[in-house]
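This is what each chain is made of:
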Amino acid sequence: MRTILKTALLTLALSPLAAMADTASPIGKWTTLDDESGKPMTVVEVYKAANGTLAAKVVENIAAPATCTTCKGKDKGRPIEGVVVLWNLKVQKDGTYGDGNGFKPSSGDSFRAKSVKVVEGGKKLAVTGCKAIFCRTATWVKHN
């Protein structure tokens, strides 16, 4: 009886850790939302890059312009689908990702990807980007 009880208690104690491990990784598909309206704009896939860091690219365009009109140079006019929006994200001491780079196709802005972390039990991704000392956090929603 004691062994069963110990096993049950250990299982209960470790269950939250297992659940956190399942939801802590941002790898997967996320729906990005418009800053002003909150409407879905694109589906972005976060993946492990060849160099071991995390990256993200647009895999589906829902309501964004078809091409990157705000991009500069060779990327101007390029289709939004396939645009890499986050790269070089490294794991941080707290288990989140950050210290990488980002690009917002709708504005043509590049930024420092300060933090990318899974929130609300894996339902959302908080992406914090900074330009100089000014930072903003965008919320992406888990894509089904």
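In this text the structure is predicted, and so the values were computed from the model without any measurement.

Moving on to the pattern of salt bridges. Applying the stated criterion across every chain, the model contains three salt bridges. Among the salt bridges present, the one from Arg136 reaches Asp35, with a minimum N-O distance of 3.8 Å. Remark: Asp35 occurs in the loop between strand S1 (28-33) and strand S2 (40-48) and Arg136 occurs in strand S8 (residues 134-142); sequence separation between them is 101 residues. The class of Asp35 is partly exposed, set by a relative accessible area of 41%. Each member of the salt-bridge network shares a partner with another, and the members are Asp35, Lys104 and Arg136.

What follows deals with the side chain of Thr96. Positionally, Thr96 belongs in the loop between strand S4 (84-91) and strand S5 (97-104). Owing to a relative accessible area of 15%, Thr96 belongs among the buried residues under this scheme. Here Asp94 takes part through its side chain, which lies 2.6 Å from a polar atom of the side chain of Thr96. Aside from chain neighbours lying at most four places away, what touches Thr96 is Lys90, Val91, Val116 and Lys117.

As a general feature of sheets, a regular strand has side chains that alternate between the two faces. With six of eight residues buried, strand S7 (residues 124-131) is to be regarded as a mostly interior element. The pairing of strand S6 (residues 109-119) with S7 spans seven bridges and is antiparallel. When the bridges of S7 are listed, Val118 appears paired with Leu125. In this structure, the hairpin formed by S6 and S7 is closed by a connection of four residues, where Glu120 is found at a positive phi of approximately 55°. Pairing geometry for S7 and S8, over eight bridges, is antiparallel. Each residue of the ladder has a partner; that of Leu125, found in S8, is Trp140. Connecting S7 to the next strand, S8, in antiparallel fashion are two residues, including Ala132 with a positive phi near 60°.

Basis of the calculations
Residues numbered from 1 in each chain as written. Predicted model: local features only at pLDDT ≥ 70, side-chain atom pairs only at ≥ 80, totals over all residues. Heavy atoms only, no water. Salt bridge = Lys/Arg side-chain N within 4 Å of Asp/Glu carboxyl O. Helix = DSSP H or I, 4+ residues; strand = E, 2+ residues; numbered from the N terminus. Buried < 20%, exposed > 50% of the residue type's maximum accessible area, 1.4 Å probe, protein only. Polar contact = N/O pair within 3.5 Å; in protein donor to acceptor, adjacent residues only side chain to side chain. Contact = heavy atoms within 4.5 Å. Pairing = 2+ DSSP bridges.

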